[in-house]
Amino acid sequence: MSVQRESMHGMWSGRLAFILAATGSAVGLGNIWKFPYIAGENGGGAFVLLYLFCIALIGIPIMMSEVMLGRRGRQNPINTMRTLALEENARPSWHWLGWMGVIAGILILSYYSVIAGWALSYFKDAVFGTFDGISAETAGSHFGGLVGSWWVLLLWHTLFMMMTMFVVSKGVRGGLERAVTLLMPALLVLLLIMVGYAMKSGAFAQGMSFLFDADFSKLSPESALTAMGHAFFTLSLGMGAIMVYGSYLPEKVSISKAVISIALADTAVALLAGMAIFPIVFANGLEPGSGPGLIFTTLPIAFGQMPFGVIFASLFFLLLIFAAWSSAISLVEPAVAWLIEKTHISRLRASVLMGLLTWFIGIGTVFSFNIWAEAKVSGKTFFDWMDYLTANVMLPFGGVLIAIFAAWVMRKESSSDELKMGAMGYSLWRFLTRYLAIICVLIVMMKVTGLLDLVLAKAGL
Ligand code: TRP
């Protein structure tokens, strides 16, 4: 029984268009800015291994589930969940899952845009040759100078939000889809060049051993949660972004193959970024756990020393901006699609409203690096809290609910009809989603909240 529904927002031109757009969403600041700095903060190897494990065994099955739900529902996440729940004789209250996604997307974009603003500012510096022959010390104080002035950050944040809402107001399948076709491969090539440079001039062996030698004694429950949360973040999972993209997916495209290609590309970019950055970190005696500024304080040093550094630096930050841009639009698209379907206002108006709301929340993150830097709650700034609540709580929680819906609530006929895989592949997806993914997420969450130890103690273990 095939369900024939059409999305009111149109359709991807085909399989490749979907893969490129979804890869554009997945590959972003998460891969190049966040992955290296959290790997650095959490001791490297063991964290990286756990992250890879989460991508393969939790991320891929849940991503398939999310695309599948989107394609079957063909609406914004809220209406999709309501429609599918009714169809499967489940409670319509499943639409709250869509709500959480819309909210999570806006919260993530509010700080994502501020960080993307750093990339905008660094692009300007790169073009003007600011990094020429820069020392590690100057690179550090340059970054400190940028984040120290709130009005400069606010300016760049405002510019990035305007760029994002401009594309969203034109409809996601317009210009950026085409731009990404060219820019993603270019980013990959540039990262390879950076890794080549790190191999020659950095402490390559030390960097590699930091990234890939796993010492599990360094891994705390918090690190495990960060690794798992990042698997969701980097694949854009758990909040309906991929569900919306799935809702524009033509009927005949194989979901499993598309999802595996996206996950592989995403992981490759993250690992290459790590391989480019850590050798430079160690060669210059920098601190791998120095936090969100990591790439902004290390890469300029490399650019400052290499031949044609000005060109490479400009190109790198330009591509980083595009990677962030194509991710940002997917963070707000669910909210905009919902607002249009709900109120029938124009796409332009919906984009402006959502953009203003997100921009406003982002001011909290702007201040987190300067005037509110010391205003901490339980040791975390506003930005830290936004990041923690979204990546480590809302996304895994949303992901588990998606898995439960796809593999427990939905009838087998519906999911196999939509996934259209061979018997073996289908059974594997179902097993991973039904048991492994759900149990792993719950265990990590319980361990972090201390609930697991409580239950184990009760059971006398
Ligand atoms: N995956 C993107 C990155 O790594 C960020 C992102 C875009 C995202 N859309 C998302 C994260 C949806 C979570 C959910 O930069």
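Quick caveat: nothing in here was measured; it's all calculated off a predicted structure.

Help me understand the pattern of salt bridges, please; the structure alone is not making it clear to me.
Side-chain pairing between opposite charges can occur once the charged atoms of the two side chains come close. One pass over the structure, following the stated rule, counts nine salt bridges. Here aspartate 125 ties to lysine 124 by a salt bridge, and the two come within 3.4 Å at their closest N and O atoms. Under the relative-accessibility criterion, lysine 124 is labelled partly exposed at 37%. The salt bridge involving arginine 347 is made with glutamate 333; its shortest N-O contact spans 2.9 Å. Here the residue arginine 347 occupies a position in helix H15 (residues 347–368), and glutamate 333 occupies one in helix H14 (residues 309–343), the gap between them amounting to 14 residues. The pair formed by arginine 347 and glutamate 333 is uniform in burial state, with each residue classed as buried.

Sorry if this is basic, but what is going on with helix H17 (residues 412–419) here?
Turn by turn, an α-helix covers 3.6 residues, leaving residues three or four places apart pointing in a common direction. Ser414, Ser415, Asp417, Glu418 and Leu419 are the residues of H17 that are buried. The elements touched by buried residues of H17 are helix H3 (45–73), helix H12 (255–283), helix H16 (382–409) and helix H18 (423–449). Positioned one or two residues after H17, lysine 420 has a phi angle of 50°, which is positive.

Help me out: how do you make sense of the layout of surface pockets in this one?
By rolling a water-sized probe across the atoms, one finds the places where empty space is left. One number sums up the size of the largest pocket: a volume of about 530 Å³. What lines the largest pocket is a set of 26 residues, and nearest its centre among them are Tyr37, Glu41, Lys380, Asp384 and Asp387. When residues of the lining of the largest pocket are assigned to their parent elements, the largest contribution, six residues, is made by H16. Looking at the lining of the largest pocket, its residues break down into ten nonpolar, eight polar and eight charged.

I tried to follow the side chain of threonine 381 on my own but got confused; where do I start?
In this structure, threonine 381 sits in the loop between H15 and H16. Setting aside its immediate chain neighbours within four residues, threonine 381 contacts Ser368, Ala373, Ala375 and Lys376.

Would you take a moment to explain the packing of aromatic side chains for this structure?
Under the counting rule described, the total for this entry stands at 32 aromatic pairs. For the ring pair tryptophan 94 and phenylalanine 405, a centre distance of 5.0 Å and an interplane angle of 70° mean the geometry is edge-to-face. Of this pair, tryptophan 94 sits in the loop between helix H4 (77–87) and helix H5 (95–127) while phenylalanine 405 sits in helix H16; the two residues are 311 residues apart in sequence, bridging distant segments of the chain. Each member of the pair tryptophan 94 and phenylalanine 405 is classed as buried. On the basis of an interplanar angle of 55° and a centroid distance of 5.5 Å, the ring pair of tyrosine 122 and phenylalanine 317 is categorised as tilted. Here tyrosine 122 is found in helix H5, whereas its partner phenylalanine 317 is found in helix H14, with 195 residues between them in sequence. Owing to a relative accessible area of 0%, phenylalanine 317 belongs among the buried residues under this scheme. Directly above the aromatic system of phenylalanine 233 lies the positively charged group of lysine 34, at a separation of 4.2 Å from the ring centroid. Against the face of tryptophan 385 rests lysine 380, its NZ or CZ located 5.6 Å from the ring centre.

Would you take a moment to explain a nonpolar patch on the surface for this structure?
Residues Trp150, Trp151, Leu155, Ile371 and Trp372 make up a contiguous nonpolar surface patch of about 580 Å² in total accessible area. Structurally, the position occupied by tryptophan 150 is in helix H7 (residues 150–170).

Is there a simple way to think about the site of the ligand in this case?
Taken together, 17 residues sit near the ligand, with Ala26, Gly30, Tyr112, Phe233 and Ser330 positioned nearest. Glycine 30 has a polar backbone atom sitting 2.8 Å from an oxygen atom of the ligand. Here the ligand, which alone exposes 360 Å², has 100% of that area covered by the protein. Its atoms largely coinciding with the cavity grid, the ligand occupies the largest cavity. Looking at the shell around the ligand, the elements that each hand over two or more residues are helix H1 (15–26), helix H2 (29–41), H5, helix H10 (221–234) and H14. For the shell around the ligand, a count of residues per class yields nine nonpolar, eight polar and no charged.

Definitions and limits used
Within each chain, residue numbers correspond to sequence positions counted from 1 in written order. Two thresholds apply to this predicted model, a pLDDT of at least 70 for residue-level local features and 80 or more for giving and counting side-chain atom pairs, whereas whole-chain, interface and lining totals are computed over all residues. Only hydrogens and water are set aside when side-chain values are computed; all heavy atoms of the structure are taken into account. Criterion for a salt bridge: a side-chain nitrogen of Lys or Arg within 4 Å of a carboxyl oxygen of Asp or Glu. The buried label applies to any residue whose accessible area, calculated with a 1.4 Å probe on protein chains only, is under 20% of its type's maximum; exposed applies above 50%, and partly exposed to all values in between. Helix and strand labels come from DSSP, where a helix needs a run of H or I of at least four residues and a strand needs a run of E of at least two; each type is numbered from the N terminus. We call two residues in contact whenever any of their non-hydrogen atoms come within 4.5 Å of each other. Both site types are read off a 1 Å grid over the protein atoms alone. A 1.4 Å probe that fits but cannot get out defines a cavity, while an open set with protein on both sides within 12 Å along at least five of seven lines defines a pocket; lining residues have an atom within 4 Å of a point. Grid points are joined across faces, edges and corners, and a volume is the space filled by probe spheres set on the points. Amino acid classes used here: Ala, Val, Leu, Ile, Met, Phe, Trp, Tyr, Cys and Pro are nonpolar; Asp, Glu, Lys and Arg are charged; the rest, including Gly, are polar. Working definition: a ring pair exists when centres of Phe, Tyr or Trp rings (six-membered ring for Trp) sit within 6.5 Å. Plane angles under 30 degrees give stacked, over 60 give edge-to-face, the rest tilted. By the criterion adopted, a ring carries a charge over it if an Arg CZ or a Lys NZ lies within 6 Å of its centre and within 35 degrees of its normal. Only residues whose relative accessible area exceeds 30% and that form no salt bridge are eligible for patches; like-charged ones are grouped when within 9 Å, while nonpolar side chains (Val, Leu, Ile, Met, Phe, Trp, Tyr) are grouped when within 5 Å. The method behind every accessible area is Shrake-Rupley, applied with a 1.4 Å probe, and residues are considered shielded solely by the protein chains displayed. Here, proximity means that at least one heavy atom of the residue falls within 4 Å of the molecule or strand. Polar contact is the term for a pair of N or O atoms within 3.5 Å; when the atoms are in protein, one must be able to donate a hydrogen and the other to accept it, and sequence-neighboring residues count only if both atoms are side-chain atoms. For this analysis, a molecule is said to be in a pocket or cavity if more than half of its atoms are within 2 Å of the grid points defining it.

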